[in-house]
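Take a look at the letters that make up each chain.
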Amino acid sequence: MRADDNINLTEYRGDKAELKNAKLLYILMSALLITDWVMPQYFGIHIGFDFTCTRILNVLIIIYFLLNRKVGNHFLKSMLDVQLTPFFIAYMLVMIYTTVLRVNINTFFLNFLDILTFYMVYYGIRYVIGVRKAIDWTVKFAAGISIYGIIEYALKFSPMAKLLLTLPSVAVSGFRSGQYRISGPCVHPIGYGMMLIFLIAIICIDYEKDEIYLFKHPVILVLLVINVFLTGSRGPLGIVALEILLIILFSKRINKKKSFIVLGAFLVLAVIVEIAIYNTSVGQYIMMQITSVIDEVFGTSFSANYGANLELLNMSSNYRDYLPRIFTVEWLNPLVGRGANASVGFEFDGTYIVSIDSFYVALYIRYAYPGLITFVAIQLMSVIYMIRTAIKHRSSLCIATAIAIFSYSICLIWVDYLQTTKYMYIVLAIYCAYYSERFQIQDRCQKKIRKFKCI
């Protein structure tokens, strides 16, 4: 690591990463970003604790920082540059007192490691890899995983789960209404659907022009949307439709017009293809997915005509209707949650609630109102900072990341996080690195000027 001792840590003033020539650090940070996207949470080594690929890299990077104090100190100082640091501190304070009061060490470490990874990914993108390359790699990953998803559907099993399941974890993939549901590198098909929400937003970014255009990568977009259908998940499918609409609406005028024209042509082509394959199992599956979303929104039952198990789907929807009542349960302490991995059951009107299919309800159970409020503050302020930067500096990249996190946050109303918050943190790290690289110095100078004028 001596080769990196003379790294120039002067303040950045160009569109590149200052530490890109630190070879070992570059390898570690690149591996962390790629691993965070690619590798499933159920692959790793269990030595009293689950060492996933990401956590192994966390340890290696910490060792690097300890041996190279100059870079280590710079990493610590860089954490203060992140706009959301005060909210992360508040969230971790909740984790600390919940850990102490509930004597559950996982409560602290599971969240601490996620947030530590966020800062490492941010630092890696900002100072080592560069925002442009991070987006390019994410686009390549999106292309690869979209092809993998179609292969998984054709095989009717998950090659990743079959080959990489080495940790005592549950990787759920299976059939619903007679159709296989793909899960990609995630532990559940719905989790994979939520990951695709982030990928769709990122592939629409034109970094060179700082624009968003829905069909920047048309083939990848189509493959990702097909993957969303193949997850068999109503929530992500409906949210992706909303996300696509938002991407078009917030595009520049010329891109908006092109998007509507190309989208219209794609829809006409899709209808023609669907008519041609209507009587096949694939055609019926597509119709079932579309109509199941319509049924969920309007309370209809069209999906039954295409093989959907309405009893199972309605049971899932009715089950979620009881979840808000958990906030009224008297034996749950509103100030001190029950900690990570809390296993509790509820009964309302003869209906037993075992699975908490809402991240925000589950968050309340685990960390009570303080944990719920501080995490929602992280989500809310992320979107606010992104929109504010987008308006002030006319940055479309900030719009794309805001749409991604907003869409994901809405999806979490109907499902638990399913180990997908790490994808939110990657997108957040891309924004934070981009803001630091392009606008932070400028904004600080303007703030000082305004303060001086006031004096």
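The structure displayed is predicted, hence computed values, not measured ones.

Trainee: Would you take a moment to explain the packing of helix 14 (residues 359-393) against helix 16 (residues 421-438) for this structure?
Mentor: Two quantities define a packed helix pair, namely the angle between the axes and the distance from one axis to the other. At their nearest, the axes of helix 14 and helix 16 sit 12 Å apart, and the two run at 35° to each other. In the crossing of helix 14 with helix 16, the sense of the turn from one axis to the other is left-handed. Contacts from F375, Q379, S382, Y385, M386 and T389 of helix 14 reach helix 16 at T421, M424, Y425, L428, Y431 and Y435. For the contact of helix 14 with helix 16, a count of residues per class yields eight nonpolar, four polar and no charged.

Trainee: Hey, could you run me through the confidence of the model for the protein in this one?
Mentor: Here the protein shows a mean pLDDT of 89. Residues at 70 or above account for 91%. Below pLDDT 50 for its whole length, residues 8-14 participates in 14 contacts with residues either more than four positions away or in separate chains.

Trainee: What exactly am I supposed to notice about the environment of G178 here?
Mentor: Here G178 lies in the loop between strand 3 (174-176) and strand 4 (179-181). The spatial distance from the C-alpha of G178 to the C-alpha of A308 is 8.4 Å, given a sequence separation of 130 residues.

Trainee: Quick question: what am I supposed to make of the pattern of salt bridges here?
Mentor: Pairing of side chains with opposite charge becomes possible as their charged atoms draw close. Using the criterion set out here, one finds six salt bridges in the structure. Two residues, E18 and R126, come together in a salt bridge whose shortest N-O distance is 3.2 Å. Remark: R126 occurs in helix 5 (residues 105-129) and E18 occurs in the segment before helix 1 (23-38); sequence separation between them is 108 residues. Here E18 matches R126 in class, with each residue buried. For D206, the salt bridge identified is with K216, shortest N-O distance 3.5 Å. Here D206, found in strand 5 (residues 205-206), pairs with K216, found in the loop between strand 6 (211-212) and helix 9 (218-230); they are 10 residues apart in sequence, far enough to count as distant. D206 sits in the buried class, given a relative accessible area of 10%. The class of K216 is partly exposed, set by a relative accessible area of 34%.

Trainee: What's the story with helix 1 in this structure? I'm lost.
Mentor: Given 3.6 residues per turn, any residue in an α-helix points the same way as the ones three and four places further on. Taking 1.5 Å per residue as the helical rise, helix 1 with its 16 residues ought to reach 22 Å, and the 22 Å between its terminal C-alpha atoms agrees with that figure. Among all positions in helix 1, only L25, L28, M29, S30, L32, L33, T35, D36 and W37 are buried. Residues of helix 1 that are buried make contact with helix 2 (53-67), helix 3 (69-79), helix 5, helix 6 (131-155), helix 8 (189-203) and helix 16.

About the criteria used
- Residues numbered from 1 in each chain as written.
- Predicted model: local features only at pLDDT ≥ 70, side-chain atom pairs only at ≥ 80, totals over all residues.
- Heavy atoms only, no water.
- Axes fitted to C-alpha atoms, helices over the stretch in contact; angles between N-to-C directions.
- Helix = DSSP H or I, 4+ residues; strand = E, 2+ residues; numbered from the N terminus.
- Left-handed = near helix turned anticlockwise from the far one by under 90°.
- Contact = heavy atoms within 4.5 Å.
- Nonpolar A, V, L, I, M, F, W, Y, C, P; charged D, E, K, R; others polar.
- pLDDT = per-residue confidence, 0-100.
- Salt bridge = Lys/Arg side-chain N within 4 Å of Asp/Glu carboxyl O.
- Buried < 20%, exposed > 50% of the residue type's maximum accessible area, 1.4 Å probe, protein only.
- Expected span 1.5 Å × (residues − 1).

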